[in-house]
Every structure is written in structure tokens, then in C-alpha cells.
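Structural overview
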Amino acid sequence: MAATRFAPSPNGRLHLGHAFSAMCAHDFARAFGGKFLLRIEDIDGTRSRPEHVAAIIADMEWLGLEHDGAVVFQSHRIASYAGALERLKAMGLVYRCWCTRSEIAAALKHKPVRHGPDGPVYPGTCRGRRDGQGDFCWRLDMEAAVGRAGPLHWTDLVAGPQQADPVQFGDVVLWRKDAPASYHLAATLDDAADGISHVVRGVDLFAYTAIHRLLQTLLDLPEPVYWHHPLLLDAKGDKLAKSRLSQPLGELRGQGADGPAFVAALRAGKLPLGISITSP
Ligand code: GLU
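The sections below set out a description of the structure shown in this document.

About the criteria used
- Residues numbered from 1 in each chain as written.
- Predicted model: local features only at pLDDT ≥ 70, side-chain atom pairs only at ≥ 80, totals over all residues.
- Heavy atoms only, no water.
- Pairing = 2+ DSSP bridges.
- Helix = DSSP H or I, 4+ residues; strand = E, 2+ residues; numbered from the N terminus.
- Axes fitted to C-alpha atoms, helices over the stretch in contact; angles between N-to-C directions.
- Salt bridge = Lys/Arg side-chain N within 4 Å of Asp/Glu carboxyl O.
- Buried < 20%, exposed > 50% of the residue type's maximum accessible area, 1.4 Å probe, protein only.
- Near = heavy atom within 4 Å.
- Polar contact = N/O pair within 3.5 Å; in protein donor to acceptor, adjacent residues only side chain to side chain.
- Areas by Shrake-Rupley, 256 points an atom, 1.4 Å probe, with all protein chains shown as cover.
- Phe/Tyr/Trp six-rings, centres within 6.5 Å; stacked < 30°, edge-to-face > 60°.
- Lys NZ or Arg CZ within 6 Å of the ring centre and 35° of its normal.
- Contact = heavy atoms within 4.5 Å.

**Concerning the sheet that holds strand β10 (residues 173-175)**
Backbone hydrogen bonds hold the strands of a sheet together, and the pairing may be parallel or antiparallel. Read from one edge to the other, the open sheet built from 3 strands follows the order β4-β7-β10, with strand pairing classed as antiparallel. Only two strands of the sheet have a single neighbouring strand rather than two, namely β4 (94-97) and β10. For this sheet, the mean inter-axis angle between neighbouring strands, taken without regard to orientation, is 45°. As defined by bridge partners, β4 adjoins strand β7 (residues 137-140) across 4 bridges and the pair is classed as antiparallel. Its bridge partner being in β7, R96 is matched across the sheet by W138.

**Comments concerning the pattern of salt bridges**
The final tally for this structure, using the stated rule, is 17 salt bridges. Note that K239 and D204 form a salt bridge whose closest N and O atoms lie 2.8 Å from each other. Here K239, found in the loop between β13 (232-233) and α8 (249-254), pairs with D204, found in the loop between β11 (198-202) and α7 (209-218); they are 35 residues apart in sequence, far enough to count as distant. Assessed through its relative accessible area of 33%, K239 is described here as partly exposed.

**Observations regarding the site of the ligand**
Around the ligand sit R5, A7, P8, S9, E41, Y183, R201 and L205, and those are all the residues in its vicinity. S9 places a side-chain nitrogen or oxygen 2.9 Å from a nitrogen atom of the ligand. In this structure, Y183 approaches the ligand through a side-chain N or O atom, which is 2.7 Å from an oxygen atom. Notes on the ligand: free accessible area 300 Å², of which the protein chains cover 79%.

**Let's talk about the packing of aromatic side chains**
The final tally for this structure, using the stated rule, is 9 aromatic pairs. Arranged with centres 5.7 Å apart and planes meeting at 40°, the rings of F169 and Y208 form a pair that is tilted. Remark: Y208 occurs in the loop between β11 and α7 and F169 occurs in the loop between β9 (160-163) and β10; sequence separation between them is 39 residues. Under the relative-accessibility criterion, F169 is labelled buried at 8%. Judged by its relative accessible area of 18%, Y208 falls in the buried class. Grouped by ring-pair contacts, the aromatic residues F28, F32 and W227 constitute a single cluster. A cation over a ring is seen here: R96 above F136, with NZ or CZ 5.1 Å from the ring centre.

**Section: the side chain of H198**
Mapping H198 onto the fold places it in strand β11. A relative accessible area of 19% places H198 in the buried class. Once residues within four sequence positions are removed from consideration, H198 is found in contact with A2, A3, T4, F28, L157 and V225.

**Side note on unusual backbone geometry**
When glycine is set aside, most residues are seen to have a negative phi, and most peptide bonds are trans. Although it is not a glycine, A181 adopts a positive phi angle of roughly 55°. Locating A181 in the fold gives a position in the loop between β10 and α6 (183-193). Phi at D220 takes a positive value of approximately 55°, unusual for a residue other than glycine. Checked against the element boundaries, D220 lands in the loop between α7 and β12 (225-229).

**A few points about the environment of D44**
Residue placement: D44 occurs in the loop between β2 (35-40) and α2 (50-63). With 135 residues separating them in the primary sequence, D44 and A179 have C-alpha atoms 5.4 Å apart. Once you skip the residues sitting within four places of it in the chain, D44 turns out to touch R176 and A179. A distance of 2.6 Å separates a polar atom in the side chain of D44 from a polar atom in the side chain of T46.

**A closer look at the sheet that holds β2**
Reading across from one edge, β1-β2-β3 is the order of the 3 strands in this open sheet, with parallel pairing throughout. Two strands bound the open sheet, and with one partner strand each, they are β1 (3-6) and β3 (72-73). The pairing of β1 with β2 spans 4 bridges and is parallel. Bridging across to β2, R5 finds its partner in L37. On the sheet, helix α1 (residues 16-31) packs against β1 and β2 and is oriented at approximately 165° with respect to β1.

In C-alpha cells:
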């Protein structure tokens, strides 16, 4: 049976792009008689806000995109993330990193910089370092991890079979200084814990799947199928984003707009004026 999820981070208000993403995951599950879960990715205590959690739940109800079972909160699952980190420690695949942002920037000035999908790749300053001062995060030793995992593949329902290349990201952070677990570790573990068979999410997260496949392999987790759906763009051709103040769904809800009719229009491919969609 298929299981999908919508997994917003409560660090801002949901907009039309989220409604589209939730609809894709919801409709996929319903089309295959499966389950649709709502997971609140609230591990980042500095940016998550209870009022955004409440608004997400109200927006989903307003849209008529009903989820199955109780809402899942990442903040309730820290112990499972910590357990996975311990396993990776025991495998010798993670290391402590004491670098501050400015130290990383300074180190990058003295080295040939490698650029990954997220910008300059961490130069590996703390790899092999035994001690340091102050707070630290845990980074994955990417070369060692990939060496252990071997070749990695995955399938996207639209883009087809993929070879995963997580090395392009360098030594990613798995446990943050300011928040437990990174998105990569938490989302990968949760998708397995929730039995997600099909990860339906925006194509902006496509490249990250390489890291998720690597973690799944290292931690003996099942491999889901992926559908990275297209993104909605504003009149300037930019991706809708919380940071760019795209019109919040809550505003439409507050104005008494008809949520299910809004979703029905999206389903029929009718986008509001000025909004377009990237090609699949
Ligand atoms: N929490 C992520 C976001 O709001 C989505 C993660 C995912 O779907 O894998 O962008």
C-alpha cells in the first residue's frame, strides 16, 4: 500500500506552493488507496513557532486535504535521531566539527573551493581533529560513508532511474550545534519510521535525495520511490517562498475563500493570475 507525507517546517506561513505540494502527496496516496501523513518538521527550535504549527493544521483542514492518523512531530522523535547518530559514530563515519561560519569562510580563502548544490563545500578542517573549544556539530565523513555504502541508485517517477552522487555535498552536518539532527537525518529516519513508500516533494529537493539514499543504505532503511513534483513560480519567475512573502494560505482562509474549490482549481491546472509552474 502506498504511503506519502506532507512535511512542512513551521518556520513561516504556508503559501500556494505548499498547497500544491500537499495536494500532490495527498492525491497520490488517495489514487492508490494509500495513506497520507502530515509531519511537522519542527526540530529547529530557533525557527519553529507554535503559531505556525497551528496555522499549518488549520490550512490543511481548510484545503480539505485530510491526513491519516495523528500529526507526526519531529520534536517528539529526537531519541531516534540520536540513536542513529550513535550508530554512525560506532561505524566511524561522523566527526565533531567546531568550526564557526566565519572560520569556514576564512579556511575557504586558503583552499581551492569546491562548489556543491548548497554552495561552497566544507573544507574538512575538523576531519581527524580530536578536540576543540566550545560547541560542535557532527559531520558525515562523506568519502568514508560512500566507500562503505557502495554505488547508490534511486528512482524518480518522472526523471527515471538516478545514480546518487552525495560526494558533491561534501561532509554534510548530521547533528547541528543549535538544533538536534539535521533535516537530512531526521527526514530520512522519519520516512522509514512512517513507512513512506513514495516520497512526494518539490523538485528543489531533488539533489538531496543522494544524501538520503546514502543514509538509508548506511542505516539499513528501506528505499522509497520518489516523485519530485514541479514548483510554482511567481510573476517574476521565482520559486514561491516563505522568505519572499508569497501570499499565505491563512490570508485566503481568513477572507473566507473556499479551500476545497481552491484545490479543485489547482488539480484542474488552473493557477491564480501571475503564477506559473516549472516543467515536470
Ligand atoms: N521540511 C521540508 C520543507 O519544508 C520538506 C522536506 C521534505 O519533503 O523532504 O521544505
